[in-house]
Amino acid sequence: MEIKLTEKAVEWFKEEMEIEHGDYIRFYARYGGSSPFHEGFSLGMTREQPHEIGIETIIENVHFFIEKSDEWFFSNHHLIVDVDETTDELSYSYEK
């Protein structure tokens, strides 16, 4: 399982969240909405320090991570983070 970000997604984080070297961005399972794997849960994202990293990708010294306690949400799929061209917001997809 990996976290993959497109170049557009990295640029989005720089512009919209003003990420800096050493920041931590967490992707997590949140109650509400739906996902391809779990009805009633959707993917959330926030800037916060990790407690117990399960999966991590470091790009330009920014840590994008999923806590060990949230790994269940991804059902052994890779998380792909991109930007939706029409809304200029992050989009998430999953691949085996």
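Everything discussed here concerns the structure shown above.
Remember, predicted model here, so these are calculated numbers, not experimental data.

(A) Quick peek at the sheet that holds strand E7 (residues 89-95). Taken together, the 3 strands give an open sheet; going across it, the order is E1-E6-E7, and neighbouring strands pair in mixed fashion. Looking along the sheet, the strands with just one partner apiece sit at the ends: strand E1 (3-5) and E7. Going across the sheet, the axis of each strand differs from the next one's by a mean of 25 degrees, ignoring polarity. Across the face of the sheet, helix H1 (residues 7-16) comes into contact with E1, strand E6 (78-84) and E7 while running at roughly 70 degrees to E6.

(B) Examining the environment of Phe65 more closely. With respect to the helices and strands, the residue Phe65 is situated in strand E5 (residues 62-67). When the C-alpha atoms of Phe65 and Ile3 are compared, they prove to be 7.5 Å apart, with 62 residues separating the residues in sequence. Phe65 has contacts with Ile3, Tyr24, Ile25, Arg26, Phe27, Glu48, Gln49, Pro50, Ile53, Ile55 and Glu56, leaving out every residue within four places of it along the chain.

(C) Structural context of the pattern of salt bridges. A full pass over the atoms with the stated rule returns 7 salt bridges. Put simply, Glu95 and Lys4 hold a salt bridge, and the shortest N to O gap is 2.7 Å. Remark: Lys4 occurs in strand E1 and Glu95 occurs in strand E7; sequence separation between them is 91 residues. Assessed through its relative accessible area of 29%, Lys4 is described here as partly exposed. Put simply, Glu48 and Arg26 hold a salt bridge, and the shortest N to O gap is 3.1 Å.

Analysis parameters
- Starting from 1, residues in each chain are numbered consecutively following that chain's sequence as written.
- In view of the model being predicted, local features appear only for residues whose pLDDT reaches at least 70, and side-chain atom pairs are presented and counted only at 80 or more, with totals across whole chains, interfaces and linings using the full set of residues.
- To get the side-chain values, all heavy atoms of the structure are used, and hydrogens and water are removed first.
- Here, any two strands with at least 2 DSSP bridges between them count as paired.
- Runs of E in the DSSP output that reach at least two residues are strands. Runs of H or I that reach at least four are helices, and both are numbered from the N terminus.
- To obtain an axis, a line is fitted to C-alpha atoms, over the contacting stretch when the element is a helix, and the angle between two such axes runs from 0 to 180 degrees between their N-to-C directions.
- Contacts between residues were defined by any pair of non-hydrogen atoms, one from each residue, lying within 4.5 Å.
- Only one rule defines a salt bridge in this text: a Lys or Arg side-chain nitrogen within 4 Å of an Asp or Glu carboxyl oxygen.
- Partly exposed residues are those whose accessible area sits between 20% and 50% of the maximum for their type, while under 20% is buried and over 50% is exposed, using a 1.4 Å probe and protein chains only.

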